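One-letter residues, chain by chain:
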Amino acid sequence: MNDLVPHIRVVAAVIEHQGRFLITQRRSTAVLAGLWEFPSGKVETGETDEAALRRELRERVGVDVSVGGSTAHRTHRYDGYVVELVLYRASIAPSQEPRPLRVADVRWVAPQELENYAFPPADQATTDLLLGINRDTCLFRPANVRAARAQTLQPETH
């Protein structure tokens, strides 16, 4: 029965510039409308993660990115489908400014501001680990941010 559940591979870019992270808001017509996420998109059949990420960022926010290494990986089961989310470090040239093409909005936010934005469940746990946020106690631990971002997170299944 598990084979009948659609699996979707999604890649996301963690782009940091001057201590702020680029996040995008899903359009009102999208699944999980209005939620925020790191810029991301589906990997098409026959496409590498890196090619998908470059394509999706051009289409969604109008920038070309250099894709670095993977920083986190999570599998999340939604009602009727499973999302495999892989985060990659990425960078854009300072001369490029992201703009909302196929997203509702784009923002550069400081790590401590991420708590103010609602993320989809698949993104939230990975974002929390990446940035050192502990939701059990609602504490943000800035001292852990660099260490959390520097280490590669192990795959988890939820």
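Placed above this text is the structure.
Figured I'd write up the structure that's included with this text. Just so you know, these numbers come straight off a predicted model, no measurement behind them.

When its secondary structure is counted, the chain shows three helices and 10 strands. The N-to-C order of helical and strand elements in the chain reads β-β-β-β-α-β-β-β-α-β-β-α-β. Among the 158 residues that make up the chain, the fraction classed as buried is 43%. Across the chain, the fraction of contacts at a sequence separation of at least 24, relative to all contacts at a separation of at least 6, is 64%.

What follows is about the side chain of Arg-60. Mapped onto the fold, Arg-60 is located in helix 1 (residues 49-61). In this structure the side chain of Arg-60 is engaged in a polar contact, spanning 2.9 Å, whose partner is the backbone oxygen of Ser-40. Look past the residues within four positions of Arg-60 in its chain and what remains in contact with it is Ser-40, Gly-41, Arg-99, Pro-100, Leu-101, Arg-102 and Val-103.

Throughout the structure, instances matching the rule amount to four aromatic pairs. Measuring from centroid to centroid gives 6.2 Å for Phe-38 and Phe-119, while their planes differ by 55°, and the two rings are tilted. Here Phe-38 is found in the loop between strand 3 (36-37) and strand 4 (40-42), whereas its partner Phe-119 is found in the loop between strand 7 (105-109) and helix 2 (121-131), with 81 residues between them in sequence. Residue Phe-38 shares its accessibility class with Phe-119, and that shared class is buried. Each ring, one from Tyr-78 and one from Tyr-81, has its centre 5.2 Å from the other, and the planes form 20°; the classification is stacked. Aromatic rings pair up to connect Phe-21, Phe-38 and Phe-119 into one cluster.

Tallied over the full model, the rule gives 11 salt bridges. For Glu-56, the salt bridge goes to Arg-60, with nearest N and O atoms at 2.6 Å. Of the two residues, Glu-56 and Arg-60 are both situated in helix 1; the distance of four residues between them amounts to about one turn of the helix. The exposure classification of Glu-56 matches that of Arg-60, with both residues buried. A salt bridge links Arg-58 to Asp-64; its shortest N-O distance comes to 3.9 Å.

Parameters at a glance
Residues numbered from 1 in each chain as written. Predicted model: local features only at pLDDT ≥ 70, side-chain atom pairs only at ≥ 80, totals over all residues. Heavy atoms only, no water. Helix = DSSP H or I, 4+ residues; strand = E, 2+ residues; numbered from the N terminus. Buried < 20%, exposed > 50% of the residue type's maximum accessible area, 1.4 Å probe, protein only. Contact = heavy atoms within 4.5 Å. Polar contact = N/O pair within 3.5 Å; in protein donor to acceptor, adjacent residues only side chain to side chain. Phe/Tyr/Trp six-rings, centres within 6.5 Å; stacked < 30°, edge-to-face > 60°. Salt bridge = Lys/Arg side-chain N within 4 Å of Asp/Glu carboxyl O.

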